[in-house]
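# Examination of the molecular architecture
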Amino acid sequence: MKRKVLGGILCAVMLLGIGTPAYAEETPPVVEVAVDGELVEVEALLYGGTSYFPLDETVKLFYPQAEIQSEGGICTVLDESFTMTAQVGGAYLVVNGRYLYSAEGLKERDNDGMVMVPARLLGKALGLGVDWSGRVEFTTGGEPLSAEDVPYTEDELDLIARVITHESGNQSLQGKMAVGNVILIRVADKRFPATVSEVIYQKNQFPGATGMEPNAESILAAKLVLEGANVVPGAFYFNGVGKSCWASRNKTLLYTIGGHAFYG
């Protein structure tokens, strides 16, 4: 993949907040919502400064013919142009096979158990513009994410998933994503090789890592980071927590996630 493409992905880290004030999560306030400048009726709630939307009502605003199926905390939306799945408490939603990360997680509406999704995440999935002007402003004109426009190749996905499994196969999803992020952060930086393959096979960097058969969560983590999620901005190196390495001696510790320390 070209450096400029991956660089754009990394720079477009999803900003899930809307710049609103923080409120206690026990009593999230309702916010006004407009579509193309016109007020609409949908129960959007603020959690910690992020606007969350019920998936069923919001999708129906834009795709009234869509079929909504909800059971056991999992909501599936079926339309002729897209399929979307989201789960209460999950860290991502899926649209047309594309995996989009939510750092704050997906929430549950109290009265009926419907999945609540951050505004910008839903906007990215459905091709909507999202802004804040004292209310949430959706603008139409885009299209849902397409399976044909995936911003990475199968080879890149496979290589990153193998490295993640080798380096952090026993870590949390976030820990797995962090290892994948380090690879992509290097690809986007002119001091490192310009492709996923070249970064991974660079001398003394990930020796033997691609020999691992990737596990399911490592593949998921690779998809999330290749779609733009970044849980360790600025991290070019990682090592086991408390272990000495060149980065621990020469670089700044930025993050500690599970058993790994990340440096930049």
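Just above, that's the structure.
In this report, we go over the structure that sits alongside the text. (Residues numbered from 1 in each chain as written. Predicted model: local features only at pLDDT ≥ 70, side-chain atom pairs only at ≥ 80, totals over all residues. Heavy atoms only, no water.)

### Details of the overall build of the protein chain
A tally of regular secondary structure across the protein chain gives eight helices and 15 strands. Relative to a compact globule of 264 residues, whose C-alpha radius of gyration would be 18 Å, the protein chain shows 19 Å and is just as compact. Expressed along its principal axes, the backbone C-alpha trace of the protein chain runs to roughly 55 × 40 × 35 Å. When the accessible surface of the protein chain is split by element, carbon and sulfur atoms take 49% of a total near 12200 Å². Distance from the positive charge centre (20 side chains) to the negative charge centre (32 side chains) of the protein chain: 16 Å. (Helix = DSSP H or I, 4+ residues; strand = E, 2+ residues; numbered from the N terminus. Rg over C-alpha atoms; globule rule 2.2 N^0.38 Å. Areas by Shrake-Rupley, 256 points an atom, 1.4 Å probe, with all protein chains shown as cover. Lys, Arg positive; Asp, Glu negative; His and termini not counted. Charge placed at Lys NZ, Arg CZ, Asp CG, Glu CD.)

### Comments concerning the pairing of strand 4 (residues 67-71)
In this structure, strand 4 lies alongside strand 5 (residues 74-78), joined through five bridges in antiparallel fashion. Note that in strand 5 the partner of E67 across the bridge is L78. (Pairing = 2+ DSSP bridges.)

### Describing the pattern of salt bridges
A complete count under the given rule lists ten salt bridges for this structure. For R109, the salt bridge is made with D56, and the minimal N-O distance between the two is 3.9 Å. Highlighted residues: R109 in the loop between strand 9 (107-108) and strand 10 (115-118) and D56 in helix 2 (residues 55-62), separated in sequence by 53 residues. Close ionic contact of R98 with E227 constitutes a salt bridge, the shortest N to O distance being 2.4 Å. On the criterion of sequence distance, the pair formed by R98 in strand 8 (residues 98-101) and E227 in the loop between helix 7 (216-226) and strand 13 (237-240) is long-range, its members being 129 residues apart. E227 shares its class with R98; the two are buried. It is possible to trace a salt-bridge network through shared partners that takes in E43, D56, E57, R109 and D112. (Salt bridge = Lys/Arg side-chain N within 4 Å of Asp/Glu carboxyl O. Buried < 20%, exposed > 50% of the residue type's maximum accessible area, 1.4 Å probe, protein only.)

### A word on unusual backbone geometry
With phi around 50°, D36 is a residue other than glycine that occupies positive phi space. According to the relative accessible area criterion, D36 is partly exposed, its value standing at 42%. The phi dihedral of N204 is positive, around 65°, even though this residue is not glycine. Along the chain, N204 turns up in the loop between helix 6 (196-200) and helix 7. With a relative accessible area of 64%, N204 lands in the exposed category.

### Section: the environment of A125
Within the secondary structure, A125 is located in helix 3 (residues 119-126). Residue class for A125 comes out buried when judged on its relative accessible area of 0%. With 20 residues separating them along the chain, A125 and L145 place their C-alpha atoms 5.6 Å apart.

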